[in-house]
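Each chain is listed here by its residues.
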Protein chains: 2
Amino acid sequence: MRLPLTLAATSLIAIAMPAAAQQADRTQINRIIDEGTNQSEVVMTAQHLMDVIGPRLTNSPGMRKAEGWTQDKFRTWGLKNIHKEGFDFGRGWQIMSSSVRMVTPRPIQLTAIPIAWTPATNGAISGPVIVAPISAERHFDKWRGQLRGKIVMISLPTQGSEPNEAPFERLSGDDIAKLDQFRQPRYDPEAADRRVKRLDFAKKLDAFLKAEGAIAYATQSYRDGKLVHGEGYMFAVGDTPAIPGVQIAAEDYRRLARLAKMGPAPTLEINSDVRFDDSDTQAYNIFAEIPGTDPKAGYVMAGAHLDSWVAGDGASDNGAGTVMVMEAARILAKMGVRPKRTIRFALWAGEEQGLLGSLDYVEKNLATRGPGGNRQTGLARYMGWSNRWPVTAQPGYENLAAYFNIDNGSGKLRGLYAENNPAVVPIFREWLSPFAGMGAKDVVIGRTGGTDHVFMQAVGIPGYQFIQDPLDYDSRVHHSSIDTFDHMKADDLRQGSIVLAGMLLQSANAEKPLPRMLPQQPKVTDPFNYTDPDEDR
Amino acid sequence: MRLPLTLAATSLIAIAMPAAAQQADRTQINRIIDEGTNQSEVVMTAQHLMDVIGPRLTNSPGMRKAEGWTQDKFRTWGLKNIHKEGFDFGRGWQIMSSSVRMVTPRPIQLTAIPIAWTPATNGAISGPVIVAPISAERHFDKWRGQLRGKIVMISLPTQGSEPNEAPFERLSGDDIAKLDQFRQPRYDPEAADRRVKRLDFAKKLDAFLKAEGAIAYATQSYRDGKLVHGEGYMFAVGDTPAIPGVQIAAEDYRRLARLAKMGPAPTLEINSDVRFDDSDTQAYNIFAEIPGTDPKAGYVMAGAHLDSWVAGDGASDNGAGTVMVMEAARILAKMGVRPKRTIRFALWAGEEQGLLGSLDYVEKNLATRGPGGNRQTGLARYMGWSNRWPVTAQPGYENLAAYFNIDNGSGKLRGLYAENNPAVVPIFREWLSPFAGMGAKDVVIGRTGGTDHVFMQAVGIPGYQFIQDPLDYDSRVHHSSIDTFDHMKADDLRQGSIVLAGMLLQSANAEKPLPRMLPQQPKVTDPFNYTDPDEDR
């Protein structure tokens, strides 16, 4: 059916709970705090997920283990309706061992990581490097005929960074106040096209390198200080790159580039033992519930993506969100709460490849957008999805009363983004008030993007993200080889689990669902603006 | 002969140059600036030393190449009396390739580096880890009987850092003003003992691990963020450790330690292909000169250590100092200056193992300290050297009029430390005045230690260090795997070479040598203080 747009408009009012219900909830909150501090298990949960299971690239063996283990934990803790829901994704992939060495002019072990979903070298391969910065098809001609037998360094080498700011940060009141800014919506009709083109280019580049006889390619890591990230996007069956790719630490990449420029070109030896697993090309979202007492009241949901990148152990992105959601579930289950609405816990897959798990959930349970987009798979399914029209609600659209997403690192929760929805500000302030003393009190109007609440927001579901202390997420941890357990903070994980549990319980018991906003519409705000045709360089 | 102490006292007066000589020098300084900017070669020199030659652990193949190449460059540039002077050191050592992997509970390539001068594994070795923090002999009993077949993690694991300050820094005027503090001399008679004990302990630990059947040992890198350092001190012939050692990046070490604590202990596979070279156990200092016109006027000298650690390419420590000294030599030679005093350029070896190259120079050319100390070799030769008594001047003692050392990273020179010698302050201010506009103008009274001017100061030679912008030297570059060319700043290297050349020329032409201070005496300042007996833990 078509989305009843009037519903979104009429619910834009602040809703307070009856005083009696509120008082009952506040007593429950004291129990949440006790369970989340004195009886906390979140640090042990985190240690197992990050250290023992480790990175969880979607469909990798690590992610498969995590899919099973998280369901086992939910079962142990007494959650209900525990299950997984699959969607088409692509290949599993894992690094068994890898080595990149400079052999001439002198031996040196380089810091590098295979690019995700690139093939194995099948033993050591070696050859001279060539620095051939290629970022668009128009660059192919310059290098044609020069790449045979070479390891092609396709990134333009950068200079050493001068980090002038402290890498580790907690938010001051002033920092948070700056987030309290309504920003008018923007719609860039060409943005999706550019993203599709970029993916197409990756395939064309791979074909070009293969045709030219290159034996491998290398990129420069985008942070320096010997951090590597190893990202890659050709995960679909049939899209696997033809030649191995490695991402090399900036210091090592730049040294190679300088040596190559002065000549003779240095020689590398690459040995990547990586393994594909095509036994199941579906990715899986994991769900668990605390059933509600009123079958007509719908549900509230907390979510975090369980999948990670591969260079670290997926701790701050997004093991932290995962274990806070799991611990909130454990706390509420242990307390035996019987909320009015069902509380659903979701652990998404495929977030790092384009929010694919949460998008699948939206399409199956909330609303679809047309035309045509939903026939696409993989990354293409994500591109421009929020801009398609019309929006068609699914039968379960009305049921989801509130969605809370956690995906801003492992720092303490400091409050909530109202995501341009002024109607929720007083509600959130009220619900956060018991947690002011533990640092979570502010509600700001600002919007956030880039994670699993986005597609819910896009169809008018009230989906929110928490303000979190950034710690060293942006400066060094995010997607890097040091996204490990030891850069998480135990106190923050405990605090976040408590605050999330509190928000879930209050929203599950609230008299009315959270006020909705209109679905995102593909309207160009300033259609007279030109777009830089080279923006895809 | 005994040192004529009265000389030091009588020369404690400020000395100004005659106006004519000063004006001649100032015209020369304009030529230095032209040669050091428009015709600069320092960046190319640095690129070859760091990228092509790379790390220069004393007596390693890299250091041997550097010994030859630096002399060749001095020869090309027209320097005179180019030669090397050897002293007893120990074994050459080099990493050909290395790999440390966790095999169970899951495969992961760890970031690690063999500890210098530890033996090769001769192929892959593997075994479970045991976390056995051992930092003193009294800890041996606790682990006896538990180490057979194990890889012993001897460091106490730390927690993740929270870097609250900007890693990259240039000095403000206020920062420099804080350095302008006279600090009264301190003498700790037990400090040397403690250092000797620490070295003895390293040997006892190695013997213990061997006797207990451990197959390798591992330490935790002292910085986190995936930086490794790989230091080691058992370089003497006959002192080579019996079992291989690796330093593991903090994130990886901590993960292993947590897994081991939760059990079962993870298994590592270590493959270190390292090579010893005993073809020549002498280390060599490199010298070159611009001859003076007055054979009775003695000489001035600039020095920097050519040797480095092994984890990076020895760029900021101390490739930077090396290439600034080399470029100052090139500039002055190219200009064909004919100074009153000889200008000697020294590139030291063995600095990282205890200032051994410059110590050798002091003992052979300036003064010895007794009793007994000078019979010792290696590290023991350095321990407590400055506290021995009496000081006996060598015949060349009077000839060295001034020594300038560079070893504070690759940042711009901002001025000079007067090293507790107030008499030089006005002289240095005068000599620096042409360079104020390029950032080098301040003279502060503060003392510095830890590098090759120390033993000259200790016998009363006026030896000085430059104030330098720290950049990211302390925060991440010093001795680490990112001590590479790309973290140096070309403008700073050019500026430093110019300022050094200017200081050398002015001191070589100065009417009198720089005022001397008294030799360091072994007097306990506050003999009633107790020393913590556990300070050597």
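These figures come from a predicted structure and were not determined experimentally. Counting starts from 1 at the beginning of each chain's written sequence and moves along it residue by residue. As they are written, the chains are lettered A onward and the ligands numbered 1 onward, keeping that order. Confidence filtering applies because this is a predicted model: local features only for residues at pLDDT of at least 70, side-chain atom pairs given and counted only at 80 or more, and all residues used for totals across whole chains, interfaces and linings. Note: side-chain values were computed over all heavy atoms of the structure, leaving out hydrogens and water.

A few words on the overall build of chain A. Going along the chain from the N terminus, every DSSP run of H or I of four or more residues is numbered as a helix, and every run of E of two or more is numbered as a strand. When helices and strands are counted, chain A shows 15 helices and 18 strands. Counting only C-alpha atoms, chain A reaches 80 × 55 × 50 Å along its principal axes. Long-range contacts, defined as pairs at least 24 residues apart, comprise 85% of the intrachain contacts of chain A with a sequence gap of at least 6. When the accessible surface of chain A is summed, it comes to about 20100 Å², and 51% of that surface belongs to carbon and sulfur atoms. Charged side chains of chain A number 60 positive and 62 negative; the gap between the two group centres comes to 2 Å. Throughout, a residue-residue contact means that at least one pair of heavy atoms, one from each residue, lies within 4.5 Å. To be clear on the numbers: accessible area is Shrake-Rupley with a 1.4 Å probe, and residue cover counts the displayed protein chains and nothing else. Asp and Glu count as negative and Lys and Arg as positive, but His and the ends of the chain are not part of the count. Lys charges are placed at NZ, Arg charges at CZ, Asp charges at CG and Glu charges at CD.

Moving on, we come to the relation of the copies chain B and chain A. Least-squares superposition aligns the copies on the C-alpha atoms of those residues with pLDDT at or above 70 in both. In screw terms, the move from chain B to chain A is a rotation of 180° and a rise of 0.0 Å along the axis, fitting with an RMSD of 0.0 Å. Here the two chains are linked by the operation of a two-fold rotation axis. Judged by C-alpha distance, B:A166 is the residue of chain B that lies nearest the rotation axis, at 2.0 Å. A shared binding surface is used by both copies, with 100% of the interface residues of chain B retained as interface residues in chain A.

What follows covers the packing of aromatic side chains. Residues and elements named next belong to chain A. Ring pairs are drawn from Phe, Tyr and Trp, using the six-membered ring of Trp, whenever the two centres fall within 6.5 Å, and their geometry is named by plane angle: stacked under 30 degrees, edge-to-face over 60, tilted for the rest. Enumeration according to the criterion identifies 36 aromatic pairs over all chains in this entry. Where W117 meets W309, the ring centres are 6.5 Å apart and the plane angle is 70°; that geometry is what we call edge-to-face. A residue pair is termed long-range when its members are at least 10 positions apart, and W117 in the loop between β4 (112-114) and β5 (125-131) and W309 in the loop between β11 (299-305) and α9 (315-335) qualify at 192 residues. Given the relative accessible area of 0%, W117 is considered buried. Judged by its relative accessible area of 3%, W309 falls in the buried class. Clustering of aromatic rings is evident, with ring pairs tying together F89, W117, Y233, F235 and W309. Counting as a charge over the ring demands two things of the Lys NZ or Arg CZ atom: a distance within 6 Å of the ring centre and an angle within 35 degrees of the ring normal. Positioned over the ring face of Y284 is K84, at 4.1 Å from the centre of the ring. Each residue is placed in one exposure class: buried if its accessible area under a 1.4 Å probe, protein chains only, is under 20% of its type's maximum, exposed if it is over 50%, and partly exposed if it falls in between.

The next thing to look at is the pattern of salt bridges. Two side chains bearing opposite charge may form a pair once their charged atoms approach each other closely. When a carboxyl oxygen of Asp or Glu lies within 4 Å of a side-chain nitrogen of Lys or Arg, that pair is called a salt bridge. A complete count under the given rule lists 59 salt bridges over all chains for this structure. Here B:R101 and B:E269 are joined by a salt bridge, their closest N and O atoms 3.5 Å apart. Highlighted residues: B:R101 in strand β2 (residues 92-104) and B:E269 in strand β9 (residues 267-277), separated in sequence by 168 residues. Each of A:E35, A:E41, A:E327, A:R330 and A:K334 takes part in a single network of salt bridges with overlapping partners.

What follows concerns the packing of helix α3 (residues 42-53) of chain A against helix α4 (residues 61-76) of chain A. Residues and elements named next belong to chain A. Lines fitted to the C-alpha atoms define the axes, with helices restricted to the stretch that makes contact. Angles between their N-to-C directions range from 0 to 180 degrees. With their axes 10 Å apart at the nearest point, α3 and α4 run at an angle of 155° to one another. Classified by the angle their axes make, α3 and α4 are roughly antiparallel. Judged by the sense of rotation from one axis to the other, the crossing of α3 with α4 is right-handed. Contacts from T45, H48, L49 and I53 of α3 reach α4 at G62, K65, A66 and W69. Oblique is the label for any angle not under 35 degrees, not over 145, and not in the 65 to 115 range, which are roughly parallel, roughly antiparallel and roughly perpendicular in turn. Working rule for handedness: look at the near helix, and if it is turned counterclockwise from the far one by less than a right angle, call the crossing left-handed; if clockwise, right-handed.

Attention shifts here to the sheet that holds strand β10 (residues 282-290) of chain B. Residues and elements named next belong to chain B. By the convention used here, strands pair only if DSSP detects at least 2 bridges between them. Taken in spatial order, the eight strands of this open sheet run β1-β10-β12-β11-β15-β18-β16-β17, and their pairing is mixed. This sheet does not close on itself; its edge strands, each paired only once, are β1 (80-88) and β17 (442-444). Mean inter-strand twist for the sheet, computed between neighbouring axes without regard to direction, equals 25°. Here three bridges tie strand β16 (residues 413-417) to strand β18 (residues 463-468), and the two strands are oriented antiparallel to one another. Across the sheet, residue L413 finds its bridge partner in β18, namely Q468. Helix α4 (residues 61-76) contacts β1, β10 and β12 (342-348) of the sheet and is inclined by roughly 10° relative to β10. Along the sheet, helix α15 (residues 490-509) contacts β11 (299-305), β12, β15 (400-405), β16 and β18; its crossing angle with β11, the most-contacted strand, is approximately 155°.

Each partner contributes residues to the interface: chain B has 48 residues there, and chain A has 48 residues. Accessible-area loss on putting two parts together, using a 1.4 Å probe and summing over both, is the definition of buried area adopted here. Counting the surface lost from both chain B and chain A, the interface buries some 4000 Å², and carbon and sulfur atoms represent 51% of this. When residues of chain B are sorted by the area they lose upon contact with chain A, B:R106, B:R258 and B:D486 head the list and together hold 15% of the total. On inspection of chain B and its partner chain A, the count reaches 12 salt bridges. B:D313 serves as the salt-bridge partner of A:R106, at 3.1 Å between the closest nitrogen and oxygen. Polar contact is the term for a pair of N or O atoms within 3.5 Å; when the atoms are in protein, one must be able to donate a hydrogen and the other to accept it, and sequence-neighboring residues count only if both atoms are side-chain atoms. The interface formed by chain B and chain A holds 30 residue pairs in polar contact (both at pLDDT 80 or more) in total. Sorting the residues of the side of chain B that touches chain A by element identifies α3 (42-53), β2, β3 (108-110) and α8 (250-262) of chain B as the ones contributing at least two each.

This next bit is on unusual backbone geometry. Residue and element names in this part refer to chain B. For the peptide bond that leads from G263 to P264, omega is -10°, which places it in the cis range. A cis amide bond links D317 with the next residue in sequence, N318, at an omega value of 0°. For N318, the position within the fold is in helix α9 (residues 315-335). Positive phi, normally seen in glycine, also occurs at N122, with a value near 55°. Residue classification places N122 among the exposed positions, given a relative accessible area of 73%. Here L355, not a glycine, exhibits a phi torsion of approximately 60°, which is positive. The buried category is assigned to L355, whose relative accessible area is 4%.

Residues and elements named next belong to chain A. The strand order across the open sheet formed by eight strands is β1-β10-β12-β11-β15-β18-β16-β17, and the pairing between neighbours is mixed. Pairing within the sheet leaves two strands with one partner each, and these edge strands are β1 (80-88) and β17 (442-444). With strand direction ignored, the average angle separating the axes of adjacent strands in the sheet is 25°.

Residues and elements named next belong to chain A. The split of the chain into domains comes from an automatic or database domain assignment. According to the domain assignment, chain A contains domain 1 (5-91 + 286-404 + 448-460 + 489-509) and domain 2 (95-160 + 173-274). Here the C-alpha centroids of domain 1 and domain 2 sit 34 Å apart. Listed per partner, the contact involves 17 residues of domain 1 and 19 residues of domain 2. Summing both sides of the interface, domain 1 and domain 2 together bury roughly 1500 Å²; the carbon and sulfur share of this comes to 75%. The largest share of the area that domain 1 buries against domain 2 comes from R91, W309 and M383, three residues that together contribute 38% of it. One can count zero salt bridges joining domain 1 with domain 2. The tally of links from domain 1 across to domain 2 stands at three residue pairs in polar contact (both at pLDDT 80 or more). Residues are grouped as follows: Ala, Val, Leu, Ile, Met, Phe, Trp, Tyr, Cys and Pro are nonpolar; Asp, Glu, Lys and Arg are charged; every other residue, Gly included, is polar. Looking at the side of domain 1 that touches domain 2, its residues break down into nine nonpolar, six polar and two charged.

On to helix α7 (residues 191-211) of chain B, then. Side chains of residues three or four places apart in an α-helix project in the same direction, reflecting 3.6 residues per turn. All names here are of chain B. In this model α7 runs 30 Å from its N-terminal to its C-terminal C-alpha over 21 residues, within 8% of the 30 Å that 1.5 Å per residue would give. If you check which residues of α7 are buried, you get A191, A192, R194, L199, F201, L205, D206, F208 and L209. One or two steps after α7, the chain reaches G213, where phi turns positive at roughly 85°. Given a helix with a known number of residues, its expected span is that number minus one, times 1.5 Å.

Residues and elements named next belong to chain B. Among the seven residues of β12, seven are classified as buried, and the element is accordingly described as predominantly covered. Burial of β12 is two-sided: the residues T342, R344, A346 and W348 facing one way and the residues I343, F345 and L347 facing the other way are all buried. In this sheet, β12 lies alongside β10 in antiparallel orientation, the contact comprising five bridges. Bridging from a neighbouring strand, I290 pairs with I343 of β12. The pairing of β11 with β12 spans seven bridges and is classified as parallel.

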